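Here is what each chain is made of, one letter per residue.
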Amino acid sequence: MRTRTGVMVAAAVAAAVVTGCEEGGLPGTGEPEVCAIPPNDPWAGLVRDQVQALSVGPMFSPTEAAGFDGIAVVELDGSVEVRDSTAVLDATVVEAVRGVREDDRVTLRYDDLGATGDEISRVLPDGPVLVFWDEHEGLRRVPHDGLWYEVPIMGCDEPVGARLSNPVHDLGSPEGWGPVATLPDLVARLEGGPATSG
């Protein structure tokens, strides 16, 4: 006969196998469970082969990036159209830094790196995206270094943190920007101040 404790242990083991979760810290510490599966950026994964064939130059410094015509945190609409090897992204400004106002509707053009519009649409980040761009012939063109967002680090049931990511540079903070870990940190650096998360 199986005891109630035995059933609970078996269920816990089964859940760990399915979710890849492990307890963080000693029992009773209140620390969250941490997923054994590392964070992953599906957009970077989609274009990884094409990126490896590129010669990506050094990352813009915060001072150089601050000189772009437009800087904003936006919410992407979710649909993507590819025109002339460029992904066209429609978005709404949620935090304006330069060149736009909050709640403005903007259309951004970003190198699609060989992916189709449907493929990119399926891997777009759910949360806000920091973009900076230069305007040429009325078009907002976002360089490879000009698009950043946070990818969640998952616990067993909910996010327990996040990491910055970029489709070309993948997971990790932009090189040369100092100790930045969040989108507000990046915005603060673009505005000439220190990171806010310390």
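Up top is the structure.
To keep things clear, this report deals only with the structure shown in the data block. The structure displayed is predicted, hence computed values, not measured ones.

Residues W43, V74 and L147 are the most contacted members of the largest nonpolar core, which totals 28 residues. Where this core is concerned, the elements lending two or more residues are β3 (70-83), β4 (86-98), β5 (105-111), α5 (117-123), β6 (129-136) and β8 (147-154). Not counting residues within four places of it along the chain, the set of residues in contact with W43 comprises L89, Y110, I120, V123, L124, P125, L147, Y149 and P167. In terms of nonpolar packing, the next biggest core, distinct from the first, is built from 15 residues, F68, I71, V73 and L183 among them.

Now for the pattern of salt bridges. Note that side chains of opposite charge can pair when their charged atoms are close. This structure, assessed with the given rule, holds 4 salt bridges. Residue R48 pairs with D170 through a salt bridge whose shortest N-O separation is 2.8 Å. Separated by 122 residues along the polypeptide, R48 in helix α3 (residues 48-52) and D170 in the loop between β9 (159-165) and α6 (183-190) bring together distant segments of the chain. When its relative accessible area of 33% is taken as the criterion, R48 is described as partly exposed. Note that R83 is salt-bridged to E81, the shortest N-O span being 3.1 Å. Judged by its relative accessible area of 38%, R83 is partly exposed.

Applying the stated criterion to the full structure yields 5 aromatic pairs. Ring geometry for W43 versus Y110: centroids 5.9 Å apart, planes at 70°, classification edge-to-face. With W43 in helix α2 (residues 42-46) and Y110 in strand β5, the pair connects residues that are 67 residues apart, well separated along the chain. Grouping residues by exposure puts W43 and Y110 together as buried. Judged by centre distance (5.2 Å) and plane angle (75°), the ring pair of F60 and F68 falls under edge-to-face. Classification of F60 by relative accessible area gives partly exposed; the value is 25%. Cluster of aromatic residues (ring-pair linked, three or more members): W43, Y110 and Y149.

Turning our eyes to something else, we now look at unusual backbone geometry. With phi around 65°, S85 is a residue other than glycine that occupies positive phi space. Relative to the assigned elements, S85 resides in the loop between β3 and β4. What makes S85 exposed here is its relative accessible area of 54%. Unusually for a residue other than glycine, D103 sits at a positive phi of about 75°.

Conventions we followed
Residues numbered from 1 in each chain as written. Predicted model: local features only at pLDDT ≥ 70, side-chain atom pairs only at ≥ 80, totals over all residues. Heavy atoms only, no water. Core = buried A, V, L, I, M, F, W, Y, C linked by side-chain atoms within 4.5 Å. Buried < 20%, exposed > 50% of the residue type's maximum accessible area, 1.4 Å probe, protein only. Helix = DSSP H or I, 4+ residues; strand = E, 2+ residues; numbered from the N terminus. Contact = heavy atoms within 4.5 Å. Salt bridge = Lys/Arg side-chain N within 4 Å of Asp/Glu carboxyl O. Phe/Tyr/Trp six-rings, centres within 6.5 Å; stacked < 30°, edge-to-face > 60°.

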